Amino acid sequence: MQFRQQALAKLQSPEELDLPVRFARPQGWLVLSVTVVVMAAASVWAMTGSVASTVSAPAVLTHGEGSYILQSPAAGQVTAVLAKEGERLPAGSPVLKVRTTQGDAVVRTVAAGRITALAATIGQIISTGANVAAVEKVAAADDPLYATVYVPAENAASIPSGAAVDLTVQTVPSQEYGVLRGHVKSVDRAAQSAQAIAAFLGDSQLGEQFTRDGRPVAVLVRLDRSSATKSGYRWSSADGPPFTLASMTMATGSIRLADQRPVDWLLP
């Protein structure tokens, strides 16, 4: 009851009506001003800025036309191996000699290229259509290398032509020599099956490996050339590795996707 009387007496006393009322301290105004400025900047960035993102996927260094699997046109016993791994041969060159019931048959290259693998040995019995060799389609030693990156199909539509690509090459220590630079040359429209990948790379195991999580899309990457490096290609380091690159080398490609507006990114 005593407190109630004191409160009523204070309300009836007019001696403090002329004192100013403090709504906020100076520190509060400073915080409010900073908050308003930050929100305004964020709104401007959301309307005019962009968000950059990348997608990483397995890649293989190859020559532009890829490889093919050479198959035997006849069944029989291999009596001679006429080519060596790593040898570059013109189209129609003999690779194997097979003894059949009708006589000897010769397995020849379909197109000019380099023998990357031989799957047949002397004395082996093979059937018609058996895989006997893998041939990379390369006519000259100085034909440029490309990188084929197998990206998930859901990311393919966001990859613009000419997009920057960084390639971490398995045979090159990236901490010492950096990453290989390139740009997207083309993006396939259809997803690749394991059989299509195996036919292009000349390796059925890679076809199965790259389709383990679904059918990917092949992205062809043109490697940036440089006369200042031993490899002949541009790296994130000044000199790059002190050796040349070989085809069918595995890598991981990081492709920059098309920039997205923050409003679309935050509010899909």
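Residues numbered from 1 in each chain as written. Predicted model: local features only at pLDDT ≥ 70, side-chain atom pairs only at ≥ 80, totals over all residues. Heavy atoms only, no water.

Caption draft 1: Geometry of the side chain of Thr62. Within the secondary structure layout, Thr62 lies in strand E1 (residues 54-63). On the basis of relative accessible area, Thr62 is assigned to the buried category, the value being 1%. Discounting residues that sit within four places of it in the chain, Thr62 has contacts with Glu136, Leu145, Tyr146, Thr148, Phe200, Leu201, Ser247 and Met248. (Helix = DSSP H or I, 4+ residues; strand = E, 2+ residues; numbered from the N terminus. Buried < 20%, exposed > 50% of the residue type's maximum accessible area, 1.4 Å probe, protein only. Contact = heavy atoms within 4.5 Å.)

Caption draft 2: Just the sheet that holds strand E6 (residues 103-108), in detail. In spatial order, the strands read E6-E5-E3-E8; together these 4 strands make up an open sheet with antiparallel pairing. Here the strands that pair on one side only, and so sit at the sheet edges, are E6 and strand E8 (125-126). (Pairing = 2+ DSSP bridges.)

Caption draft 3: Just unusual backbone geometry, in detail. A positive phi is found at Met248, a non-glycine position, where the angle reads about 65 degrees. Take Met248: it is sitting in the loop between strand E13 (217-223) and strand E14 (249-256).

Caption draft 4: View of the nonpolar core. One finds Val149, Leu180 and Ile255 to be the most contacted residues of the largest nonpolar core, which totals 28 residues. Elements with a contribution of two residues or more to this core: E1, strand E10 (145-151), strand E11 (164-169), strand E12 (180-187), E13 and E14. Setting aside its immediate chain neighbours within four residues, Val149 contacts Ala57, Pro58, Ala59, Leu167, Val217, Ala218, Val219, Val221, Gly253 and Ile255. Ranked by size, the runner-up nonpolar core spans 16 residues in total, among them Leu70, Val98, Val107 and Ile115. (Core = buried A, V, L, I, M, F, W, Y, C linked by side-chain atoms within 4.5 Å.)

Caption draft 5: Spotlight on the pattern of salt bridges. In this structure the tally under the stated criterion is 3 salt bridges. With a shortest N-O distance of 3.1 Å, Arg114 and Glu136 are connected by a salt bridge. With a gap of 22 residues between them, Arg114 in strand E7 (residues 113-118) and Glu136 in strand E9 (residues 131-136) connect regions that are remote in the sequence. Assessed through its relative accessible area of 21%, Arg114 is described here as partly exposed. Between Arg234 and Asp224 there is a salt bridge; the shortest N-O distance is 2.9 Å. One end of the pair, Arg234, is in the loop between E13 and E14; the other, Asp224, is in the loop between E13 and E14, with 10 residues separating them in the sequence. (Salt bridge = Lys/Arg side-chain N within 4 Å of Asp/Glu carboxyl O.)

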